[in-house]
Amino acid sequence: MPTTPVFDSIASEWEEYRQKPLSALELFKPFLRKTHGKALDAGCGNARNTPFIAQYFDKVICLDESRKMLWFARKRIRQEDLSKRIKIVKGDVRALPFPDAYFDTVFCIAVLHHFQAKREQTQVLHEIKRVLRKGGICFITVWNKHQQKFFSLQAKATVKWTRRDKTLIHRMHYFFEKKELTELCKKTGFRVKKAFFEKKGALARKQGAFNLCTVLEKT
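Residues numbered from 1 in each chain as written. Predicted model: local features only at pLDDT ≥ 70, side-chain atom pairs only at ≥ 80, totals over all residues. Heavy atoms only, no water.

Enquirer: Any chance you could break down the sheet that holds strand E9 (residues 202-204) for me, citing the residues and the numbers?
Expert: Strand pairing in a sheet is mediated by backbone hydrogen bonds. Such pairs are either parallel or antiparallel. Across the sheet, which stays open at both edges, the 8 strands sit in the order E3-E2-E1-E4-E5-E10-E8-E9 with mixed pairing between neighbours. Two strands in the sheet have a free side with no partner beyond their single neighbour: strand E3 (86-90) and E9. With strand direction ignored, the average angle separating the axes of adjacent strands in the sheet is 25°. Where strand E2 (residues 59-64) and E3 come together, 5 bridges link them in parallel fashion. Each residue of the ladder has a partner; that of Asp-64, found in E3, is Lys-90. Along the sheet, helix H4 (residues 118-131) contacts strand E4 (103-109), strand E5 (132-143), strand E8 (190-199) and strand E10 (211-218); its crossing angle with E5, the most-contacted strand, is approximately 145°. Packed on one face of the sheet, helix H5 (residues 178-187) meets E5, E8 and E10 and runs near 155° to E8. (Pairing = 2+ DSSP bridges. Helix = DSSP H or I, 4+ residues; strand = E, 2+ residues; numbered from the N terminus. Axes fitted to C-alpha atoms, helices over the stretch in contact; angles between N-to-C directions. Contact = heavy atoms within 4.5 Å.)

Take a look at the structure:
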């Protein structure tokens, strides 16, 4: 990911502030059932979402490009006693190091919005589609621009992270409109099963919602 040095630099503070699974995962539950299959947590960061994912799959692979984020991911997996079922892999979501049709489900949580170029966004989606089996499901979340703190930003923007030492870290973001995201997914060859806005684990209107979410199927 082009922001890898940025996430390496904030990994310890990220771990301190981002330990619970993203609330939007609650709204993916109706599309999940416990299986003997494999799931990918693509762009897993510190693996805060992985214990939730592991409830539904026998095997989960966590992938991220940030070495420091993966250090915390390994620590979390050990603490949760999930080491036998979860594998940690360093890799790029734009070039996934897995065979075709390898996964039953892919989670791409708060990742796609870090790529500002349409070419890279499309690369990520094509790679996810490639490693999914036919009929496999992909869950995507991106930040929703239509909340007060982002109103003044353009589609392509940098979002500041203030470290404890007051250093400002600039993270690249791309803010999708709902139609834009769903059309991009369709052009990649996915069927969009559902697209919705989320806030604190509940469906929400666009204005003020935290996340824009999609449920995709490989046909």
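Enquirer: Tell me about the nonpolar core, residues and numbers included.
Expert: Counting residues in hydrophobic clusters, the biggest one holds 32 residues, and the most contacted among them are Leu-40, Val-93, Phe-98, Val-106, Ile-128, Cys-138 and Phe-176. Looking at this core, the elements that each hand over two or more residues are strand E1 (38-42), E2, E4, H4, E5, H5, E8 and E10. When near neighbours in sequence (up to four residues on either side) are disregarded, Cys-138 contacts Val-106, Ile-128, Leu-132, Phe-190, Thr-214, Val-215 and Leu-216. In this structure, Phe-28, Ala-73, Ile-88 and Val-215 belong to the second largest nonpolar core, which totals 29 residues. (Core = buried A, V, L, I, M, F, W, Y, C linked by side-chain atoms within 4.5 Å. Buried < 20%, exposed > 50% of the residue type's maximum accessible area, 1.4 Å probe, protein only.)

Enquirer: Account for the environment of Thr-122, naming residues and giving values.
Expert: Within the secondary structure, Thr-122 is located in helix H4. For the pair formed by Thr-122 and Arg-94, sequence separation is 28 residues and the distance between their alpha carbons is 8.7 Å.

Enquirer: I'd like to hear about the packing of helix H1 (residues 4-17) against helix H3 (residues 67-79), residue by residue, with values.
Expert: With their axes 7 Å apart at the nearest point, H1 and H3 run at an angle of 30° to one another. Between H1 and H3, the angle is such that the two are roughly parallel. Residues Phe-7, Asp-8, Ala-11, Ser-12, Trp-14 and Glu-15 of H1 pack against Arg-67, Lys-68, Met-69, Phe-72 and Arg-76 of H3. Here the contact of H1 with H3 is composed, by residue class, of 5 nonpolar, 1 polar and 5 charged. (Parallel < 35°, antiparallel > 145°, perpendicular 65-115°, else oblique. Nonpolar A, V, L, I, M, F, W, Y, C, P; charged D, E, K, R; others polar.)

Enquirer: Now, about H4: what can you tell me, with residues and values included?
Expert: Between its first and last C-alpha, H4 extends 20 Å over 14 residues, near the 20 Å set by a 1.5 Å rise per residue. Among all positions in H4, only Glu-120, Gln-121, Val-124, Leu-125, Glu-127, Ile-128 and Val-131 are buried. Down the axis of H4, the smallest arc covering the buried residues is 160°, so these residues share one side. Residues of H4 that are buried in the fold lie against E4, E5, strand E7 (168-174), H5 and E8. (Expected span 1.5 Å × (residues − 1). Arc of directions from axis to C-beta.)

Enquirer: Go over unusual backbone geometry with me, naming the residues and quoting the values.
Expert: Positive phi is not limited to glycine here, since Asp-81 has a value of about 55°. Structurally, the position occupied by Asp-81 is in the loop between H3 and E3. For Asp-81, a relative accessible area of 68% gives the class exposed. Positive phi values are uncommon outside glycine, yet Ala-101 reaches one of about 55°. Looking at the secondary structure, you find Ala-101 in the loop between E3 and E4. For Ala-101, a relative accessible area of 43% gives the class partly exposed.

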